[in-house]
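Structural overview
One letter stands for each residue in the lines below.
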Amino acid sequence: MSTVLITRPRGQGETLAALLRDAGHVPVHQPALAIEPLPLSAADRRRILDLDLYHAVFFVSANAAELALEAFADVWPQWPVGVHWLTVGEATARVLAAAGMTPEYPGAGFNSEAVLGLPCLADVADRRILICRADSGRDWLAARLRERGAEVDIIPFYRRRPDPSFRWPGEASVVLVTSVEGWRAIAARVPATARVVSAGERVAQAVREDHPGPVTVAASAHDRDMVAALVSTGD
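Residues numbered from 1 in each chain as written. Predicted model: local features only at pLDDT ≥ 70, side-chain atom pairs only at ≥ 80, totals over all residues. Heavy atoms only, no water.

**Concerning the environment of Val 95**
Put simply, the test is: Secondary structure is summarised from DSSP: a helix means a run of H or I of at least four residues, a strand means a run of E of at least two, and numbering begins at the N terminus for each. For every residue, the accessible area obtained with a 1.4 Å probe (protein chains only) is divided by the maximum for its type, and the residue is called buried under 20%, exposed over 50%, and partly exposed between those limits. The contact criterion used throughout is that any non-hydrogen atoms of two residues lie within 4.5 Å.
Tracing the sequence through the fold places Val 95 in helix 4 (residues 90–98). With relative accessibility at 19%, the residue Val 95 sits in the buried group. Each C-alpha atom, one on Val 95 and one on Leu 69, is 9.1 Å from the other, the two residues being 26 residues apart in sequence. The residues contacting Val 95, other than those within four sequence positions of it, are Ala 62, Ala 65, Glu 66 and Leu 69.

**Brief notes about helix 3 (residues 62–73)**
Formally: In a helix, the anticipated span is given by 1.5 Å times the number of residues less one.
Between its first and last C-alpha atoms helix 3 spans 16 Å; for 12 residues at 1.5 Å apiece the expected length is 16 Å, and the two agree. A large share of helix 3 lies buried, amounting to nine of its 12 residues. Among the residues of helix 3, Ala 62, Asn 63, Ala 64, Ala 65, Leu 67, Ala 68, Leu 69, Ala 71 and Phe 72 are the ones counted as buried. Looking at the buried residues of helix 3, the elements they touch are strand 3 (33–37), helix 2 (42–49), strand 4 (56–59), helix 4, strand 7 (128–134) and strand 8 (151–162).

**Here we look at the pairing of strand 9 (residues 174–177)**
Walk down a regular strand and you will see the side chains alternate between the two sheet faces. What counts here: Only strands joined by at least two bridges in the DSSP assignment are considered to pair. Seen with the strands pointing away from the viewer, any crossover whose path from the first strand over the helix to the second strand runs clockwise is right-handed.
With burial as the criterion, each face of strand 9 is covered, one bearing Val 174 and Leu 176 and the other bearing Val 175 and Val 177. Strand direction decides the pairing type here: strand 1 (residues 3–6) and strand 9, joined by three bridges, are parallel. Note that in strand 9 the partner of Leu 5 across the bridge is Val 175. Following the chain from strand 9 across helix 7 (residues 180–186) to the adjacent parallel strand 10 (residues 195–199), one finds a crossover that is right-handed.

**Focus: the sheet that holds strand 10**
Backbone hydrogen bonds hold the strands of a sheet together, and the pairing may be parallel or antiparallel. What counts, and what does not: Lines fitted to C-alpha atoms define the axes here, with helix axes fitted over just the stretch in contact, and angles between the N-to-C directions of these axes take values from 0 to 180 degrees.
Strand order in the open sheet formed by five strands is 2-1-9-10-11, and the pairing between neighbours is parallel. A strand with exactly one partner marks an edge of an open sheet, and here the two such strands are strand 2 (26–29) and strand 11 (215–218). Direction aside, the axes of adjacent strands within the sheet are offset by 25 degrees on average. Helix-sheet contacts for helix 8 (residues 201–210) involve strand 9, strand 10 and strand 11, and the interaxial angle to strand 11 is about 165 degrees.

Below is the structure:
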């Protein structure tokens, strides 16, 4: 049995904690990043007014979905029809479903590469696509969609800051890291002997730059993939 540190933002670690307990571990939640909502620009507000003109809207995270839907609801008492509402995985999809949308997301992979493989993004030439995200992050999906001829707009709904309340719990021997930004926020405080379970190889590469201890790569940031990677190490 290990004490495992969850570093997801506040309000997003409950399901992961339950899975860890079911697997015989003791979860501790210390968010690596704090989420700071951003004001919308005039151009962003115009994009929201034109929501019905988009072929697809992609929400990169549950934070993006919650903040975007709040802004959308100020303009759209009923969601426009004919729009594909896209997410990376189940957690963000649940936010959309609770708001009355029908989300689409990959059955496996749970990353931008998997989202690009969704059938609705196969032919996007001359179509408009909106990405709801943080003010920084990976631009890979937007670049690939533009290569396919899409017109891609991005609305930043929040920024991520290192959470000033983060403390390494002395009893923890494993930490679960789901983003490069989250790792960078806590890297200096992670003991060299701790095992890091990273969400995919891209995050693992960032971890290895700073961390001399063991690194286990999960298939994705999905809660079940993170726990499966931890269990596979025998911790």
